[in-house]
Amino acid sequence: MQLTPLQQKRVDELLAKMTLEEKIGQMNQLSPSLVGGFDVSFEELIEMAMDGKISQEELHQKFENAERDYQEDNIRAGLIGCVMLQDPGKYNELQKIAVEESRLGIPLIIGFDVIHGYRSVYPIALAEAGAFDPDLFRRTAHMAAKESRTQGISWHFAPMIDVGRDSRWGRVSEGPGEDPYLASRFAEAKIHGLQDGAYEDAKDGTERRENYVAACMKHYVAYGAAESGRDYNTTSMSISQLHNVYLPPFKAATEAGAASAMASFNDLNGVPCTVNEYTLRRTLKERYGLKGFVVSDANAIRECIDHGIAADRYDAARQAANAGMDMDMGTSIYIEELKNAVERGDVSMEVIDEAARRILSVKMWLDLFDHPYITEEAMHRYDKLPQEHVALTLEAAKKSIVLLKNDEKVLPLKKDQKISLVGSLAASPSEIIGAWAMSWKGEDCVSILDGFKNAGADVKYFACGGPDREINDDEIAQAASFGDVIVAVVGETTAMSGEAASRADTTLPGKQRELLEKLLATGKPVVTILMNGRALALGWEAENLPTLIEGWQLGIQMGNAIASVVFGDYNPTGKLAASFPYVTGQLPIYYNHTSTGRPAGKFKFTSKYIDAPTEPAFPFGYGLSYTTYQYSDLTVEESVEAFTAKVKVKNAGNVAGTETVQLYMQDVTASLVRPVKELKGFTKVALAPGEEKEVALTLKKADMGFYNNDGEYVREDGKFRLFMGGSSAETLMQELDVRF
Ligand code: NOJ
């Protein structure tokens, strides 16, 4: 986010005219409360949705139609700087009050949860990260920015860039997986996609301001380490762990220009991130140089009382503002308490000025002062989805699919085979969406069943069971008698991942394993497609299912994308962004764990379980293709600034394919225990059948260090290993003696 000198000047001039109340007003975000219009109570409605008595689509409709309180008088009085909203008509109405009826005419900024697409929903982040494709990450974010801005939404509560290593935590679905390097590349690409439209004219004739939004990286920080994978829970870790694992994506996003950040709900080493001066002011603002502002998560300032860190609302406001929390989401604590706190000398005027300046700067950069309204034309621009958007959601969906097993080469299927499509998820047009998408339309959604039909397959659907259904033996018998092959779609419903959806047991929910057993017992070949929002515990599946596809929740084009892989029109290229355990008890599990003094081995007294493997069922970076790739001849060249690792990759099969070549490093001897492997680079290589190419990846010496427990970045001479391969588990290795 870069303001012009003129924009800076306008912010300064405005700030000079503002009263204390008006400045605090900018620091207040309204989330319109639902005040009525439901036929049942709000709580009952949520319960009905959880019990599956109403569909996600119906719930969505009811929310749309509910009556809300927008506090128009407070907007008029300049006491609200931001509203969370997705309603273009209402947007113009509220903006008019702010711009034409408030004393200084400061426009509202409208924020909304646009996590993996707006109208064009693309794969959940955990899936998309597995495409290992920063250019794709950027393009999908840009599409979401364009779509949402036509509705008045100019601030996305995204990207979610929490490193997640414990898939009990439901929010792993929203983020880019377990690895800090991949998460950092994801983070910066998303920032560029959301924000860089500010710096160049659009090629499609739209106004420049319609091509970007302000990003809000979240959840800052270490939320992914919530103890026991339980949402909102405590986190506790060393400073080195914080800087080496959880902070890097936020550093990368800030360096890419992120306009804002949202603090996380958790406490970190005893201090809630909402009032954490070390993470907010000293690290994010002073060390990384965030130019925009920090917002709390919903109600989190008030929750500091429940954390037992603030005595009351006044104390919570004081602590948050002083720690560097610029905007309060969802409570009215700042407007109620901060004036008093300034007058009593508990919060300085500089703190308030800084917060107001940061918020006004983002509004100025968004061009909201000169163009506060949205036009009728813009509002309806995407009433019908443009072909390019559909194509991009399809591309992203295909690239996110991971082929886990194809032992008997049953895949790809032939279109003249009779297919019995089984599992309630297969026919659902809404479960393909995944958590945290609220602006999609049913008419755009392609279920797996629809995708198979679109592909011209001879397919018949038999529910037979599902994540929240009983098994139907009659339907299983019918499926067995119709199909030459059974394609079973199993997994989780959307409600089983995302916020407040932690699971203590991460195996396939309900009776789906039993369903798969029964399907295998029919003797027909069974292809299993997973549709889920977390890395599941797949021990039984890994051992018993010969053919397995990780299909995640891929967004509106899921059905077409899955069909293109199943029928071989697209050769899978996706890799896992998170390790899949055999059993839940292995969690947290991640490839880049540190070395123990007793690495797991045959000997009893080593670091392992007596009842489960140590390694994952499917590791980070893993993913098959319809061809195979052979790696050979790893060499490493040193220059003054870097090491360049080169490896030969050969397509040893008879179909063309694209492989993701990964570079890992190990700092073998260091002053702190270091990971056994750390991802340091990746690239894609397209190979025709039989073709071999040399692939080079460069590792800068500057990137070979680590953070110590004083939070300092250090590089230490000594033995290193570089690895290249097609997954974190299968690599060639070269040892180096490094002097920096
Ligand atoms: C709570 C969630 O933690 C956060 O991710 C989201 O952006 C806000 N609520 C606003 O909906």
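Numbering of residues begins from 1 in every chain and follows the order in which that chain's sequence is written. pLDDT decides what is reported in this predicted model: residues at 70 or higher carry local features, side-chain atom pairs at 80 or more are listed and counted, and totals for whole chains, interfaces and linings draw on all residues regardless. As a rule here, side-chain values cover all heavy atoms of the structure and leave hydrogens and water aside.

Undergrad: Quick one: what's the story with the overall build of the protein, residue by residue and with numbers?
TA: Only DSSP runs of H or I covering at least 4 residues are called helices, and only runs of E covering at least 2 are called strands; the numbering of each starts at the N terminus. Summing up its helical and strand segments, the protein has 23 helices and 27 strands in all. What the globule rule says is 2.2 Å times the number of residues to the power 0.38, and the radius of gyration is computed from C-alpha atoms. Taken against the 2.2 N^0.38 rule, which gives 27 Å for 740 residues, the C-alpha radius of gyration of the protein at 26 Å falls within 12% of a compact globule. Its C-alpha atoms give the protein principal-axis dimensions of about 75 × 65 × 50 Å. When a residue's accessible area, from a 1.4 Å probe over protein chains only, is under 20% of the maximum for its type it is buried; when over 50% it is exposed; and in between it is partly exposed. When the 740 residues of the protein are sorted by exposure, 61% land in the buried category. Between two residues, a contact is recorded if the distance between any of their heavy atoms is within 4.5 Å. Of the contacts made within the protein by residues no fewer than 6 positions apart, 77% connect residues no fewer than 24 positions apart. Areas reported here follow the Shrake-Rupley algorithm with a probe of radius 1.4 Å; residue values treat only the protein chains shown as occluding. By element, 48% of the accessible surface of the protein is carried by carbon and sulfur atoms, the whole surface being about 27400 Å². All tallies of charge rest on Lys and Arg as positive and Asp and Glu as negative; His and the ends of each chain are not included. Where a charge sits is defined by one atom per residue type, namely NZ (Lys), CZ (Arg), CG (Asp) or CD (Glu). The distance from the centre of the 78 positive side-chain charges to the centre of the 107 negative ones in the protein is 4 Å.

Undergrad: So what about the packing of aromatic side chains? Which residues, and what values?
TA: Only rings of Phe, Tyr and Trp enter the pairing, Trp through its six-membered ring, and a pair is recorded when the two centres are within 6.5 Å. The plane angle decides the type: under 30 degrees is stacked, over 60 is edge-to-face, the rest tilted. Tallied over the full model, the rule gives 21 aromatic pairs. An aromatic cluster of at least three residues, connected via ring pairs, comprises Phe-132, Tyr-181, Tyr-591, Phe-620, Tyr-664 and Phe-682. Residue placement shows Arg-185 over the ring face of Tyr-181; its charged tip is 4.6 Å from the ring centre. The criterion for a charge sitting over a ring is simple: Lys NZ or Arg CZ within 6 Å of the ring centre, and within 35 degrees of the ring normal. The lysine or arginine in question, Lys-218, covers the ring of Trp-436, its NZ or CZ lying 5.4 Å from the ring centre.

Undergrad: Provide a residue-level description of the nonpolar core, including the pertinent values.
TA: Buried residues of nine kinds, namely Ala, Val, Leu, Ile, Met, Phe, Trp, Tyr and Cys, make up a nonpolar core once their side-chain atoms join them within 4.5 Å. The biggest cluster of nonpolar side chains holds 202 residues, and the ones touching the most others in it are Trp-155, Tyr-334, Leu-338, Leu-413, Phe-452 and Phe-618. By residue number, the principal contributor to this core is helix H16 (residues 349–365), which donates nine residues. With residues up to four places along the chain from it excluded, the contact list for Leu-413 reads Ile-419, Val-485, Val-487, Val-527, Val-566 and Phe-567. The next biggest cluster of nonpolar side chains, apart from the first, holds 21 residues, and it includes Tyr-631, Leu-634, Met-724 and Val-738.

Undergrad: Now, about the site of the ligand: what can you tell me, with residues and values included?
TA: Definition of nearness: a residue and a molecule or strand are near each other if at least one heavy atom of the residue lies within 4 Å of the molecule or strand. Neighbouring the ligand are the residues Met-84, Asp-113, Phe-157, Arg-171, Lys-218, His-219, Met-262, Phe-265, Asp-297, Met-329, Trp-436 and Glu-499. Within 3.5 Å is the distance limit for a polar contact, defined as a pair of N or O atoms, with the added protein rule that one can donate a hydrogen and the other accept it, and that residues adjacent in sequence qualify only through two side-chain atoms. His-219 is positioned with one of its side-chain polar atoms (N or O) 2.7 Å from an oxygen atom of the ligand. At 2.5 Å, a side-chain N or O of Asp-297 approaches an oxygen atom of the ligand. Burial of the ligand by the surrounding chains reaches 93%, relative to a free accessible area of 290 Å². Ten residues, namely Ala, Val, Leu, Ile, Met, Phe, Trp, Tyr, Cys and Pro, are considered nonpolar, four, namely Asp, Glu, Lys and Arg, are considered charged, and the remaining ones, Gly among them, are considered polar. Of the residues belonging to the shell around the ligand, the class tally is six nonpolar, one polar and five charged.

Undergrad: Please provide a residue-by-residue account of the side chain of Asp-166, values included.
TA: Positionally, Asp-166 belongs in the loop between strand E6 (155–156) and helix H9 (180–195). Discounting residues that sit within four places of it in the chain, Asp-166 has contacts with Val-172, Ser-228, Gly-229, Leu-587 and Pro-588.

Everything listed here is a matter of coordinates, which is why it stays silent on function.
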